[in-house]
Amino acid sequence: MPLNIIVGVQWGDEGKGRIVDYLAAGADYAARYNGGDNAGHTVTVGSKIFKLHLVPSGIVHPHTIGVLGNGMVVNPHTLLAEMSGLRGAGVSIAPQRLHISPAAHLITPAHRALDKAQERSLGKGLLGTTGRGIGPAYTDKAARRGLRMADLLAPDFRDRLRDHLLAANRILNLLGAPGLEVDSEIETYLNQTSRLALYIHDVSGELHLAMQQGQIILAEGAQGTLLDIDHGTYPFVTSSTTLAPAALTGLGLGMAAAREASVLGVTKAFQTRVGSGPFPTEVQGEMAERLRGTGANPWDEFGTTTGRPRRVGWLDGVLLRYAVRVNGLTELVITKLDILSGIPKLQLCTGYTVNSTLIRDLPGGADGLSACTPVYEELPGWTEDVTHVRKWKNLPKNAQKYLEKISSLAETPIKLVSLGPEREQILEV
Ligand code: IMP
């Protein structure tokens, strides 16, 4: 398909980065359409591990063009650091192969300071944000006072930046947080942003043309379905639209592109979440430690962006079915199946009870979750190491049954299964 949209089916961290990396081998463009440096995508190529927050993961392939769409919020400091890290690792990053929409919004030091101060002011009711200024940047966007990439080129950018920082200082003051050193912040910020001006590009026009010419676009969603501002577990969500349809608006593609799209939903073989909010299938104790890992490996369940231990649990089939519906998923990708090897009995959530009534689908949206108690189906596990398996027929029978059950619950075929962190540890079903 000319447009392949990859979305997370859970609360983010599903392993999208490496799936994008795998699929980008056959794509011309790798494009991000939402979020900012709250995302953290780990890509392993040979002995090198790349941690990417803003640059699309697919850019590690030399033939792709990376795109940052208008739906994103961009922190220049993070972006420049990432660009230089990638260059140091031998990945070519130049204006010819990294294009940023003029309508993408800028994250400033004020947004980060406000994010942290607002979280502190919430006390125990905090949202557990990544502290990257995402909420305040999208707030400014919605209030129509945000700074955009295109503004970098405007003669009054310095003045607008000053006004923005002064306004933020007034709010920080109200929240009892220290203000920003406006003059020094302005100089640092202008120095950073001036290095990005060459990367501004008409992304929407370029991608439209590319599709007409039969080129392949990989649209890389950040966060996950359940963190979507409208359809996620509000208010414990991020501030952007994370769902697949946002790839169209967040890149400036029209509805016509949807006719030529495949929508791949990536889910771990179990469930994880960072930050606050409901999580019906969460487990504690030994099983949690087993699923999470110790943190010794880069793929253990500790946040790529914040390092926080992730909450872990059994795969939630009700939320999976919900994600299929709200994204319009055409296929599934299951990641981290290898982590389940050696667990004697697996639990798969196939429904909930709410007020003693059994349900298979969420009655309202995902925000009614806290009232739901999971109903599990127990499936036998497998003991074999599956990290070397590349063919379906070589998977242990119980692993096949587990995957078949997931597919039938979701009423969606499985396209890929990942069985380890390396690029080649993927099985095509
Ligand atoms: P924010 O996006 O930093 O405002 O954080 C809002 C919520 O989304 C918090 O619970 C974060 O932990 C979560 N979140 C944001 N980005 C990611 C991500 O890329 N992976 C997992 N959770 C995320």
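Residues numbered from 1 in each chain as written. Predicted model: local features only at pLDDT ≥ 70, side-chain atom pairs only at ≥ 80, totals over all residues. Heavy atoms only, no water.

Visitor: Break down the site of the ligand for me, citing the residues and quoting the values.
Guide: Of all residues adjacent to the ligand, which total 15 residues, the nearest are Asp 13, Asn 38, Thr 130, Thr 238 and Arg 308. Here an oxygen atom of the ligand and a backbone polar atom of Gly 128 are 3.4 Å apart. Within the contact set of the ligand, an oxygen atom lies 2.6 Å away from a side-chain nitrogen or oxygen of Thr 238. Against a free-state accessible area of 470 Å², the protein chains account for coverage of 96% of the ligand. In terms of residue class, the shell around the ligand is made up of 6 nonpolar, 7 polar and 2 charged. Residue contributions to the shell around the ligand reach at least three from each of two domains, namely domain 1 (3–94 + 202–428) and domain 2 (111–198). (Near = heavy atom within 4 Å. Polar contact = N/O pair within 3.5 Å; in protein donor to acceptor, adjacent residues only side chain to side chain. Areas by Shrake-Rupley, 256 points an atom, 1.4 Å probe, with all protein chains shown as cover. Nonpolar A, V, L, I, M, F, W, Y, C, P; charged D, E, K, R; others polar. Domains from an automatic or database assignment.)

Visitor: Mind laying out the nonpolar core, listing which residues take part and the relevant values?
Guide: Core analysis: the largest hydrophobic core is formed by 59 residues, its most contacted members being Leu 3, Ile 5, Leu 337, Leu 340, Tyr 402 and Ile 406. The contact partners of Leu 340, leaving out residues within four places of it in the chain, are Ala 269, Phe 270, Arg 290, Leu 291, Leu 346, Trp 382 and Tyr 402. Ile 93, Ala 110, Leu 147 and Tyr 199 belong to the second largest nonpolar core, which has 41 residues in total. (Core = buried A, V, L, I, M, F, W, Y, C linked by side-chain atoms within 4.5 Å. Buried < 20%, exposed > 50% of the residue type's maximum accessible area, 1.4 Å probe, protein only. Contact = heavy atoms within 4.5 Å.)

Visitor: Tell me about the domain arrangement of the protein chain, and please be specific about residues and values.
Guide: By domain assignment, the protein chain separates into domain 1 (3–94 + 202–428) and domain 2 (111–198). If you average the C-alpha positions of domain 1 and of domain 2, the two centres end up 29 Å apart. Taken together, the 26 residues of domain 1 in the interface contact 17 residues of domain 2. Carbon and sulfur atoms make up 60% of the surface buried where domain 1 meets domain 2, a total of about 1700 Å² over both sides. On the domain 1 side of the interface with domain 2, the three residues burying the most area are Val 73, Pro 76 and Leu 80, jointly 29% of the side's total. Two residues, Arg 112 and Asp 37, come together in a salt bridge whose shortest N-O distance is 3.8 Å. Looking at the side of domain 1 that touches domain 2 element by element, the count peaks at 6 residues for helix α2 (residues 76–88). Of the residues contributing to the side of domain 1 that touches domain 2, the split by class is 8 nonpolar, 16 polar and 2 charged. (Buried area = accessible area lost by both parts, 1.4 Å probe. Salt bridge = Lys/Arg side-chain N within 4 Å of Asp/Glu carboxyl O. Helix = DSSP H or I, 4+ residues; strand = E, 2+ residues; numbered from the N terminus.)

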